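Structure assessment
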Amino acid sequence: MVARKRLAAALVVALAMFVVACGGSDDNSGGGGGGGGGASTSGGGGTEVKGAKVIDAKSLDNPPKGTIKYCQGKDTTGSAKQLVKEFNAKFSADGYKATLTEFPASADQQRAQFIQRQQAKSDDCDVFSSDVIWTAEFASQKWLYDLTPYVDAQKSKYIGAPLETVHYGGKYWGVPETSDAAFIYYRTDKGGGSPPSTWQQVYADAKAQGGLVYQGAPYEGLTCDYLELAFAAGGTVLSEDGKKSTINSPENTKALQLMVDGIKSGAAPKAVTTYMEPETDQAWTSGRYGFMRNWTYAYAADNKGASKIKGKYKVAPLPSFEGGGKAGILGGHNSVISAFTKNPGLALKFADFYASPDFQKTLLLKYSQAAIIPDTYSDPEVKKAIPYAAELLQALSQAKARPVSPVYPQISQAIYKNVNDALAGRASPADALKKADSQINSALSTF
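Here goes a summary of the coordinates provided.

Reading guide: rules and limits
- Residues numbered from 1 in each chain as written.
- Predicted model: local features only at pLDDT ≥ 70, side-chain atom pairs only at ≥ 80, totals over all residues.
- Heavy atoms only, no water.
- Axes fitted to C-alpha atoms, helices over the stretch in contact; angles between N-to-C directions.
- Helix = DSSP H or I, 4+ residues; strand = E, 2+ residues; numbered from the N terminus.
- Parallel < 35°, antiparallel > 145°, perpendicular 65-115°, else oblique.
- Contact = heavy atoms within 4.5 Å.
- Nonpolar A, V, L, I, M, F, W, Y, C, P; charged D, E, K, R; others polar.
- Polar contact = N/O pair within 3.5 Å; in protein donor to acceptor, adjacent residues only side chain to side chain.
- Disulfide = S-S within 2.5 Å.
- Buried < 20%, exposed > 50% of the residue type's maximum accessible area, 1.4 Å probe, protein only.
- Pairing = 2+ DSSP bridges.
- Expected span 1.5 Å × (residues − 1).
- Phe/Tyr/Trp six-rings, centres within 6.5 Å; stacked < 30°, edge-to-face > 60°.
- Lys NZ or Arg CZ within 6 Å of the ring centre and 35° of its normal.
- Salt bridge = Lys/Arg side-chain N within 4 Å of Asp/Glu carboxyl O.

At their nearest, the axes of helix H11 (residues 250–265) and helix H18 (residues 408–423) sit 9 Å apart, and the two run at 40 degrees to each other. With respect to each other, H11 and H18 are oriented oblique. The segment H11 lies against H18, with Leu256, Met259, Val260 and Ile263 engaging Val419, Ala422 and Leu423. Here the residues of the contact of H11 with H18 sort into 7 nonpolar, no polar and no charged.

Now the structure itself:
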């Protein structure tokens, strides 16, 4: 009971961090993806980064004594301070120490501050907590150590999907830290005890059970919501080599048409075209709706306060798309090592500690951050404290990557603006994806 109360409290504290798990606009939990999609969904498969520094995998065993500087966004939950405290407690007697530098809450500002330091070839950030969507951009600039020798020896330790978020150009550029995934939330008092098995069934059931709410505003969150359906339908965004748009496809059009038809039929309210995570939560806790697509934070957060649906819903991994498969989009961060660090071995030791089984368990139990090690979810204490542990592991495991590209921000903007136009009735699904295709190809031509 104590563990459950502690988890619920931590989740509420973490709400500010997780509500933008795929938004890329605030604090330290921006989006990303990986896993099942591989190069066919993420792109960049044919890209090669030459001349990057390569880590010595054995360097973490006995690095030079000293202090490394860890940088991340504002530590809203205290997990980063806990990380540094535990690392120092374990290794200070050996002459190793870490310090924490907090960047602003905004993901855009975090990215800008890291870039500023890398352009100056500064060692201010030996290790940086990088949003999963920044891998390609940072790696292509040769700002990161190539960690392939280390990761190759550790592959079996990780959930495959989060590991793919550090994969670009056939190499690994970081160590997974934390992850996140979306659930389908369903009311047990409206439709019964079983979740819908397909997205088509979600919309059909929603029409009869009060409706479906999700993040449909023109921002990064909508890119995530749309790609979950598009990838499940068999669609892609980029070619294998990451140099050409593939978004204007029958599979992607079919996914968008389902979303558009859902609004037209009343299965989803027209207002979803203005919803980000907070608005989605407000609508869900009003008690009116039967279904919600949202991140894991909402499981506990929406069960508190004035919620009218407390104890009246369950969660499930995202369903399949008829004629296709299952997909999800991950949020999360990775430890990347600056090419300008003066102690790469100690930096790797720190990243390795972050991904250790003991600290991953602490992150999940105390700070409600999804672990990137599958064994964590079968831990008896975790299973007792977190009722959705098995569903979370499944959701993380079935995820696919958002486009891995140095121009990802432009690609995402082309997706969410045009998808929102279709949802709002300003463009047909075919015309929206045709326009997105043109804009993505224009962005790709710039590098």
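Here we take up the side chain of Asp180. Examined against the element boundaries, Asp180 turns out to sit in strand S6 (residues 175–180). Of the polar contacts made by the side chain of Asp180, one reaches the side chain of Thr296; its length is 2.7 Å.

A separate point is the state of the cysteines. Inspection of the entire model under this criterion finds 1 disulfide. Sulfur-sulfur distance for the disulfide between Cys71 and Cys125 comes to 2.1 Å. For the disulfide bridge between Cys71 and Cys125, the dihedral angle about the S-S bond is near -95 degrees, and by the sign convention the bridge is left-handed. Pair noted here: Cys71 is in strand S1 (residues 66–72) and Cys125 is in the loop between helix H5 (107–119) and strand S3 (127–131), with a separation of 54 residues, a long-range link.

This part takes up the pairing of S3. In the case of a regular strand, side chains alternate between the two sheet surfaces. Burial analysis of S3 places 5 of its 5 residues in the buried class, the great majority of the element. Burial of the side chains of S3 extends over both faces: Val127, Ser129 and Asp131 are buried on one face and Phe128 and Ser130 on the other. Bridging between S1 and S3 involves 2 bridges; their strand directions are parallel. Bridge assignment links Cys71 to a residue of S3, and that residue is Phe128.

Once that is clear, we can look at unusual backbone geometry. One can expect most non-glycine residues to show negative phi and most peptide bonds to be in trans. Its identity as a non-glycine residue notwithstanding, Lys121 has a phi of 55 degrees, on the positive side. Among the secondary structure elements, Lys121 is positioned in the loop between H5 and S3.

This next bit is on the sheet that holds strand S11 (residues 331–337). In spatial order, the strands read S2-S1-S3-S11-S6; together these 5 strands make up an open sheet with mixed pairing. Edge positions in the open sheet fall to strand S2 (96–102) and S6, since each of these has one partner strand only. Strand-to-strand twist across the sheet, computed as the mean angle between neighbouring axes with direction ignored, equals 20 degrees. On the sheet, helix H4 (residues 79–91) packs against S1 and S2 and is oriented at approximately 170 degrees with respect to S2.

Note on placement: Lys69 falls in strand S1. For Lys69 and Cys125, which are 56 residues apart along the polypeptide, the C-alpha to C-alpha distance reads 5.3 Å. The contact partners of Lys69, leaving out residues within four places of it in the chain, are Thr99, Asp123, Asp124, Cys125, Asp126 and Val127. Among the polar contacts listed, one links the side chain of Lys69 to the backbone oxygen of Asp123, at a separation of 3.3 Å.

Helix length check: H11, at 16 residues, gives a terminal C-alpha distance of 22 Å against a target of 22 Å (1.5 Å per residue), a fit within 8%. All of the buried residues in H11 are Asn252, Thr253, Ala255, Leu256, Leu258, Met259, Val260, Gly262 and Ile263. Elements in contact with the buried residues of H11: helix H9 (199–208), helix H10 (220–232), H18 and helix H19 (429–444). At the C-terminal side of H11, Gly266 shows a positive phi close to 90 degrees.

Turning to the packing of aromatic side chains, a few remarks are in order. Scanning the entire structure with this criterion turns up 22 aromatic pairs. Summarising the aromatic geometry, the rings of Phe183 and Tyr185 are spaced 6.3 Å apart at their centres and angled 65 degrees between planes, so their arrangement reads as edge-to-face. The exposure classification of Phe183 matches that of Tyr185, with both residues buried. Their ring planes at 80 degrees and their centres at 6.2 Å tell us that Tyr299 and Tyr313 sit as a pair that is edge-to-face. Of the two residues, Tyr299 is situated in helix H13 (residues 298–301) and Tyr313 in strand S10 (residues 313–317); the sequence distance between them amounts to 14 residues. Judged by its relative accessible area of 6%, Tyr313 falls in the buried class. Three or more aromatic residues link up through ring pairs in this structure, and these residues are Tyr70, Phe87, Phe91, Phe350, Phe353, Tyr354 and Phe359. The ring of Trp295 carries the charged tip of Arg293 above its face, separated from the ring centre by 4.4 Å.

As a further point, take the pattern of salt bridges. A side chain of one charge can pair with a side chain of the opposite charge when the charged atoms of the two come close. Tallying each qualifying case throughout the model produces 14 salt bridges. Glu102 serves as the salt-bridge partner of Lys81, at 3.0 Å between the closest nitrogen and oxygen. Of the two residues, Lys81 is situated in helix H4 and Glu102 in strand S2; the sequence distance between them amounts to 21 residues. Since its relative accessible area comes to 34%, Glu102 is described here as partly exposed. Across the pair Arg402 and Glu220 runs a salt bridge, and its minimum N-O distance is 2.2 Å.

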